[in-house]
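Summary of the model geometry
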Amino acid sequence: MTITETVIGVLVIAAVVVVPLVVIQVLGERKRARVIAHLRTLACPRCHSTYGETTVIRVSRRSWDPAPGYYVAQLDLPDPSYFVTCPGCAEELEYYGDGRLFELPDEGSESDGDFLR
Ligand SMILES: [Zn+2]
């Protein structure tokens, strides 16, 4: 095997590894942009102001800590979470990627979040 063949082999392997990663990243960014565009059209459930184009939205993966016997997937926890800061009331609310509002149950209620530690 010549040096040229070795270099070509390394480049092909690098392309096989890198191209799918780039595609996955681009698709993820497109999805986040679509979700953010959708969230900007919603109204704040607290003060009923429409969020609008200038609303601050940050995307974050929370580190959920399910109680023993529970899994993140079965608990329908947002992953990632979209944190929207309302320009009307300044409250930061958490949304799923499909636009649903996520709220942890209030402590002391019947379902007081005891599925999380
Ligand atoms: Zn609001």
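Look up a bit, the structure's there.
Below, the structure is looked at part by part. (Residues numbered from 1 in each chain as written. Predicted model: local features only at pLDDT ≥ 70, side-chain atom pairs only at ≥ 80, totals over all residues.)

What follows covers the pairing of strand β1 (residues 56-60). Taking burial as the measure, the five residues of β1 include zero buried ones, a minor fraction of the element. For β1 and strand β2 (residues 81-85), the ladder comprises five bridges, and the chain directions are antiparallel. If you follow V56 over to β2, its bridge partner there is T85. (Buried ≥ 20, exposed ≤ 12 C-beta atoms within 10 Å, placed from the backbone. Helix = DSSP H or I, 4+ residues; strand = E, 2+ residues; numbered from the N terminus. Pairing = 2+ DSSP bridges.)

Another aspect to go through is the nonpolar core. Core analysis: the largest hydrophobic core is formed by six residues, namely C44, Y51, Y82, V84, C86 and Y95. Residues within four places of Y82 in sequence aside, it is in contact with V35, L39, I57, V59, Y95 and G97. (Core = buried A, V, L, I, M, F, W, Y, C linked by C-beta atoms within 7 Å. Contact = placed C-beta atoms within 7 Å.)

With respect to topology, four strands assemble into an open sheet ordered β1-β2-β3-β4, the strand pairing being antiparallel. The sheet is open, and its two borders are formed by β1 and β4 (101-102), each paired with just one other strand.

Our next topic: helix α1 (residues 3-39). Look at α1: 53 Å from first C-alpha to last across 37 residues, which is about the 54 Å you get at 1.5 Å a residue. Within α1, only zero of the 37 residues are buried, which leaves it mostly out in the open. (Expected span 1.5 Å × (residues − 1).)

Moving on, we get to the environment of S60. Along the chain, S60 turns up in strand β1. A C-alpha to C-alpha distance of 15 Å links S60 and D98, two positions 38 residues apart in sequence. Those residues within four positions of S60 in sequence are excluded, and the remaining contacts are P80, S81 and F83.

This part is about unusual backbone geometry. A cis amide bond links D79 with the next residue in sequence, P80, at an omega value of 5°. Here P80 shows up in the loop between α2 (72-75) and β2. We note that H48 has phi near 70°; this positive angle belongs to a residue other than glycine. Note that H48 resides in the loop between α1 and β1.

In this structure, F102 sits in strand β4. The exposure class of F102 is partly exposed, given the 15 C-beta atoms found within 10 Å. Each C-alpha atom, one on F102 and one on P78, is 7.4 Å from the other, the two residues being 24 residues apart in sequence.

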